[in-house]
Amino acid sequence: MSSKRKALPPGWCWATVGDTGRYINGFAFKPAHREAAGRPIVRIQNLTDPKKPLNRTLLAVSEDFHVATGEILVSWSATVDVFVWNREPALVNQHIFRVVPKEGVVDRAFLFYWLKIAIDQLLKSEHLHGSTMKHINRGPFMAHQIPLPPLAEQKRIVETLESLLSDLDAGMAELEAAQRKLAQYRQSLLKAAMEGALTVDWRATHGKPQETGAELLRRILSERRARWEQKQLAKFAEQGKTPPANWQAKYPEPVAPDLTDLPLLPEGWAWSSLSQVGWLDRGRSKHRPRNAPHLYGGPYPFVQTGDIRDADTFIHKASASYSEAGLAQSRLWPAETLCITIAANIGKTALLAMQACFPDSVVGFLAASDEVSVRYIEYFMRSAQQKLEAEAPATAQKNINLEILERLPVPVPPSAEQIALVERLSEAISAARAQDDAIEHGIKQAVAQRKNLLKAAFAGQLVPQDPSDESAFELLARIRAAREAKADVTTASKRGRKAKETA
């Protein structure tokens with residue numbers, strides 16, 4: 001800790017985390033301890049996500065590991081944070097401290113906020129360890145110091161802080177609710193577009209199309225085959241070979257959609273499969289290990305699932321790049337390729353704004369014809385994301401395969417209506433995005449305001465000091481003296497017993 005400390009308000013003193021109570025690390029429960037009945041086991045995931053199911057056990061453990069409703073818990077690994085346990089009485093798992101506040105030194109509610117500050121400081125210090133699994137060791141945690149006010153002032157701070165935070169939390173809840181409604185609106189908008197409800201008025205104005213979706217699909221399929229044949233003939237010519245007999249029979253016919261249980265489409269639309277309107281293939285990254293340094297740092301963008309997840313329709317920049325060696329074991333996809341993730345974040349999509357490579361956890365889609373609107377297909381894939389996630393097997397890391405995408409049913413409107421749909425969706429989603437950005441800004445401001453309130457509370461600026469309050473320094477000194485006296489008595493007792501044993 002810095003040797004230059006700010007002057008503390010009257011009656012305040014510096015205290016370590018260890019001064020404020022007992023911090024009991026949880027019991028190392030094993031999978032064999034889990035049973036259908038018994039007390040619940042609190043794991044870190046139960047703290048970060050209250051919806052996660054609780055494991056239970058009938059194993060008898062020390063009372064030290066029993067946590068009651070309302071007690072403070074600190075996760076010191078993975079997600080480093082402080083929580084209040086608000087569910088039924090339970091048992092604490094390892095990597096979680098059960099906090100037993102020291103009576104007369106610190107108010108329980110105050111300690112919760114005090115630990116928030118301490119952990120925030122430790123997360124920014126050299127005491128945070130681990131690249132993938134973040135954690136703080138017990139020693140630095142217990143020795144960490146922050147200002148401690150008198151006990152009476154702690155209670156006043158909590159009362160004022162909780163009143164202010166209550167208003168702030170209510171505002172935050174409204175913003176988050178608006179954010180959820182916007183997400184639902186976007187999904188409803190996409191659903192309405194793919195069912196034809198978004199362009200009902202457009203069809204009424206424009207009348208019957210000159211070319212229906214079914215006629216358009218036949219043209220697309222014809223061009224799909226023609227492009228394949230041109231590509232094969234080019235290969236034969238490049239190799240100096242004469243095309244063998246019946247070479248056209250090797251054309252990979254796209255799978256037709258299963259029309260069972262599919263809803264009726266508006267007049268003039270038709271059902272297709274994703275493979276009928278385009279070519280799909282997985283990305284490539286064959287080299288092992290994949291993180292070999294010689295594969296990276298070159299001029300070829302290497303798009304990964306995170307780039308697709310975070311993109312706003314188009315990917316203009318990749319988080320990594322391939323060298324010539326990287327490109328040699330991959331494939332360079334053209335601009336306007338539709339990227340579809342098939343692992344972890346299933347069904348996330350974005351369009352390449354430049355040539356790029358990507359790994360086999362991403363599928364590339366190329367339009368089979370100039371008559372296929374890739375923007376329309378991208379919007380369709382957004383509407384189908386929940387369906388794709390539902391089809392993914394429940395494994396440790398959910399994923400789907402290329403075959404699922406190839407047979408995915410796609411509604412095909414006439415060309416002019418596809419253009420109208422893309423225009424309307426782009427306009428509506430752009431407006432929703434602007435609202436989302438405003439909400440996100442509001443949430444960031446609320447988070448910053450919360451931090452400022454806590455900062456003010458622990459700088460002695462939230463409530464006035466009262467000279468009649470017992471000084472925290474005197475209180476802590478008395479507690480420490482009592483603890484040392486108890487330790488001396490215990491040591492003397494042990495020496496006495498040892499002297500009798502050796503006499």
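For the structure, see preceding data.
Read on for a plain summary of the structure.

Calculation rules
Residues numbered from 1 in each chain as written. Predicted model: local features only at pLDDT ≥ 70, side-chain atom pairs only at ≥ 80, totals over all residues. Heavy atoms only, no water. Helix = DSSP H or I, 4+ residues; strand = E, 2+ residues; numbered from the N terminus. Buried < 20%, exposed > 50% of the residue type's maximum accessible area, 1.4 Å probe, protein only. Pairing = 2+ DSSP bridges. Phe/Tyr/Trp six-rings, centres within 6.5 Å; stacked < 30°, edge-to-face > 60°. Lys NZ or Arg CZ within 6 Å of the ring centre and 35° of its normal. Salt bridge = Lys/Arg side-chain N within 4 Å of Asp/Glu carboxyl O. Axes fitted to C-alpha atoms, helices over the stretch in contact; angles between N-to-C directions. Parallel < 35°, antiparallel > 145°, perpendicular 65-115°, else oblique. Left-handed = near helix turned anticlockwise from the far one by under 90°.

1. Description of the side chain of Thr313
Next, step 1: The topology assignment puts Thr313 in the loop between α7 (305–310) and β16 (314–315).
Next, step 2: For Thr313, a relative accessible area of 10% corresponds to the buried category.

2. As for the pairing of strand β7 (residues 81–84)
Next, step 1: In terms of strand pairing, strand β6 (residues 72–75) meets β7 through four bridges, oriented antiparallel. Its bridge partner being in β7, Leu73 is matched across the sheet by Phe83.
Next, step 2: Taking the residues between adjacent antiparallel strands as the criterion, β6 and β7 are bridged by five residues, where Ala78 takes a positive phi near 65°.

3. Description of the packing of aromatic side chains
Next, step 1: What the rule picks out here adds up to 15 aromatic pairs.
Next, step 2: Judged by centre distance (4.9 Å) and plane angle (25°), the ring pair of Trp333 and Phe358 falls under stacked. In this pair, Trp333 is assigned in the loop between α8 (324–328) and β18 (338–341) and Phe358 in the loop between β19 (349–352) and β20 (362–367), connecting sequence segments 25 residues apart. Considered together, Trp333 and Phe358 belong to a single accessibility category, that of buried residues.
Next, step 3: Among the aromatic residues, those joined into a cluster by ring pairs are Tyr23, Trp76, Phe97 and Phe141.
Next, step 4: The ring of Trp333 carries the charged tip of Arg331 above its face, separated from the ring centre by 3.7 Å.

4. Focus: the pattern of salt bridges
Next, step 1: Tallying each qualifying case throughout the model produces 25 salt bridges.
Next, step 2: Two residues, Lys155 and Asp107, come together in a salt bridge whose shortest N-O distance is 3.3 Å. One end of the pair, Lys155, is in helix α4 (residues 151–195); the other, Asp107, is in the loop between β9 (96–101) and α2 (108–123), and 48 residues separate them in sequence.
Next, step 3: Between Asp281 and Arg331 there is a salt bridge, with the nearest N and O atoms lying 3.5 Å from each other. Of this pair, Asp281 sits in strand β14 (residues 278–282) while Arg331 sits in the loop between α8 and β18, and the two are 50 residues apart along the sequence.

5. Describing the packing of α4 against helix α12 (residues 415–457)
Packed helices, taken two at a time, are described by their axes: the angle between them and the distance between them.
Next, step 1: Running from amino to carboxyl end, α4 crosses α12 at an angle of 165°, the nearest separation of the two axes being 10 Å. Between α4 and α12, the interaxial angle falls into the category roughly antiparallel. Handedness of the crossing formed by α4 with α12: left-handed.

6. Brief notes about helix α9 (residues 374–383)
Next, step 1: In terms of burial, α9 is a largely internal element, nine of the 10 residues being buried.
Next, step 2: Among the residues of α9, those classed as buried are Val374, Tyr376, Ile377, Glu378, Tyr379, Phe380, Met381, Arg382 and Ser383.

7. Section: the sheet that holds β7
Next, step 1: Pairing is antiparallel across the open sheet formed by four strands, whose spatial order is β2-β9-β6-β7. Two strands close off the open sheet at either side, each with one partner strand: β2 (21–25) and β7. Neighbour to neighbour, the strand axes of the sheet diverge by 30° on average, direction disregarded.
Next, step 2: Both β6 and β9 contribute to a ladder of four bridges, which runs antiparallel. Across the sheet, the residue bridging to Leu73 is Arg98, located in β9.

8. Topic: the pairing of strand β21 (residues 409–412)
Next, step 1: Across the two faces of β21 the burial is the same, with Pro409 and Pro411 and Val410 and Val412 all buried.
Next, step 2: Summarising the sheet, strand β13 (residues 270–273) and β21 pair through four bridges and their orientation is antiparallel. Bridge pairing in β21 links Ala270 to Val412.

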